[in-house]
Structures are given as C-alpha cells and as structure tokens.
Amino acid sequence: SKNSTGIGTQAKARVFEVVAAQAVLVTEYNDDLENNFSIGEEIIVFANKDRMLREVTALLGDEEKCASIAAAGYTRYLKDHTSVHRLSTLLKEIA
C-alpha cells in the first residue's frame with residue numbers, strides 16, 4: 001500500500017505499541033491496517049489533515065468513545081498481536 005507521499009507502507013511497530021498501552025491509535029491510513037484491526041472500532045485512521053482534525057476533535061469530545069476504542073484495540077492486541085502470536089505466525093510461515 002502507499003501513504004499520501006506515494007511511498008509503500010505497512011503497519012509499523014508503533015501501531016501495536018500504542019494499542020498495547022491501552023491508548024487510542026489515530027494514524028494515517030494504509031491497507032495493512034485493515035489486515036490487523038477493525039478501523040473505526042479498534043483504531044482510528046485518516047487520509048488527510050482535514051480528516052485527522054475531524055477525528056481528533058470528535059475523540060476529544062467523547063470520552064466514552066475513546067475508552068471504547070482503546071479497550072477494543074487492546075483486546076485485539078491481546079488476541080492477535082502479542083510477541084507470542086507474531087512469533088508463532090512467523091514460525092508457521094517458514095515451516
């Protein structure tokens with residue numbers, strides 16, 4: 001996938017670090033995010049500055065939504081994205 005600069009992207013470690021910290025992740029969209037999280041329920045994405053401002057403004061005004069997204073992201077992290085899960089997947093792929 002490509003970001004707004006046209007450079008190919010993938011989910012970076014920071015994506016998983018943020019949700020593992022039980023925080024709301026707001027990040028620039030890339031296709032790989034859809035393979036790892038439910039967008040809008042577990043993480044928030046944006047494609048441009050205006051969308052980012054709208055998303056952040058909405059989150060700042062809704063503490064319950066922030067808590068819900070953070071909890072869902074953390075639950076997904078525990079289910080699919082811990083180091084144990086990642087290593088297990090890697091070992092299956094190379095076996």
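The coordinates are above.
All figures in this text were calculated on a predicted structure; none of them were measured in a lab.

Draft legend 1. Just the nonpolar core, in detail. In this structure, V15, F16, V19, L25, L33, F37, I43, V45 and Y77 together form the largest nonpolar core, which totals 9 residues. The dominant element in this core, judged by the number of residues it contributes, is helix 1 (residues 13–20), at 3 residues.

Draft legend 2. Representation of the pattern of salt bridges within the structure. All told, the structure shown has 4 salt bridges when counted by the stated rule. Between E55 and R51 there is a salt bridge; the shortest N-O distance is 2.8 Å. Of the two residues, E55 and R51 both sit in helix 3 (residues 49–60), 4 residues apart, roughly one turn of that helix. Judged by relative accessible area, which is 13%, E55 ranks as buried. Classification of R51 by relative accessible area gives partly exposed; the value is 35%. A salt bridge links K79 to D80; the shortest N-O distance between them is 3.5 Å.

Draft legend 3. Structural context of a nonpolar patch on the surface. A cluster of nonpolar side chains, namely L87, L90, L91 and I94, defines an oily patch on the protein surface of about 400 Å² accessible area. Among the structural elements, I94 can be located in helix 5 (residues 83–94). For I94, a relative accessible area of 61% gives the class exposed.

Draft legend 4. Layout of the packing of helix 4 (residues 63–81) against helix 5. For the pair helix 4 and helix 5, interaxial distance at closest approach is 6 Å and the crossing angle is 35 degrees. Contacts between helix 4 and helix 5 involve L78, K79, D80 and H81 from the former and S83, H85 and R86 from the latter. Counted by class, the contact of helix 4 with helix 5 contains 1 nonpolar, 3 polar and 3 charged residues.

Draft legend 5. Quick peek at the packing of aromatic side chains. Counted under the stated rule, the structure contains 2 aromatic pairs. For the pair F16 and F37, a centre-to-centre distance of 5.7 Å together with 35 degrees between the ring planes defines the contact as tilted. Of the two residues, F16 sits in helix 1 while F37 sits in the loop between helix 2 (31–36) and strand 2 (44–46), which places them 21 residues apart along the sequence. Seen from their ring centres, Y74 and Y77 are 6.4 Å apart, and the 25 degrees between their planes marks the pair as stacked. With Y74 and Y77 both in helix 4 and 3 residues apart, the pair spans about one turn of that helix. With relative accessibility at 24%, the residue Y74 sits in the partly exposed group. Relative accessible area serves as the criterion here: at 17%, Y77 is assigned to the buried category.

Basis of the calculations
Residues numbered from 1 in each chain as written. Predicted model: local features only at pLDDT ≥ 70, side-chain atom pairs only at ≥ 80, totals over all residues. Heavy atoms only, no water. Core = buried A, V, L, I, M, F, W, Y, C linked by side-chain atoms within 4.5 Å. Buried < 20%, exposed > 50% of the residue type's maximum accessible area, 1.4 Å probe, protein only. Helix = DSSP H or I, 4+ residues; strand = E, 2+ residues; numbered from the N terminus. Salt bridge = Lys/Arg side-chain N within 4 Å of Asp/Glu carboxyl O. Patch = residues over 30% accessible without salt bridge, like charges linked within 9 Å, V, L, I, M, F, W, Y side chains within 5 Å. Areas by Shrake-Rupley, 256 points an atom, 1.4 Å probe, with all protein chains shown as cover. Axes fitted to C-alpha atoms, helices over the stretch in contact; angles between N-to-C directions. Contact = heavy atoms within 4.5 Å. Nonpolar A, V, L, I, M, F, W, Y, C, P; charged D, E, K, R; others polar. Phe/Tyr/Trp six-rings, centres within 6.5 Å; stacked < 30°, edge-to-face > 60°.

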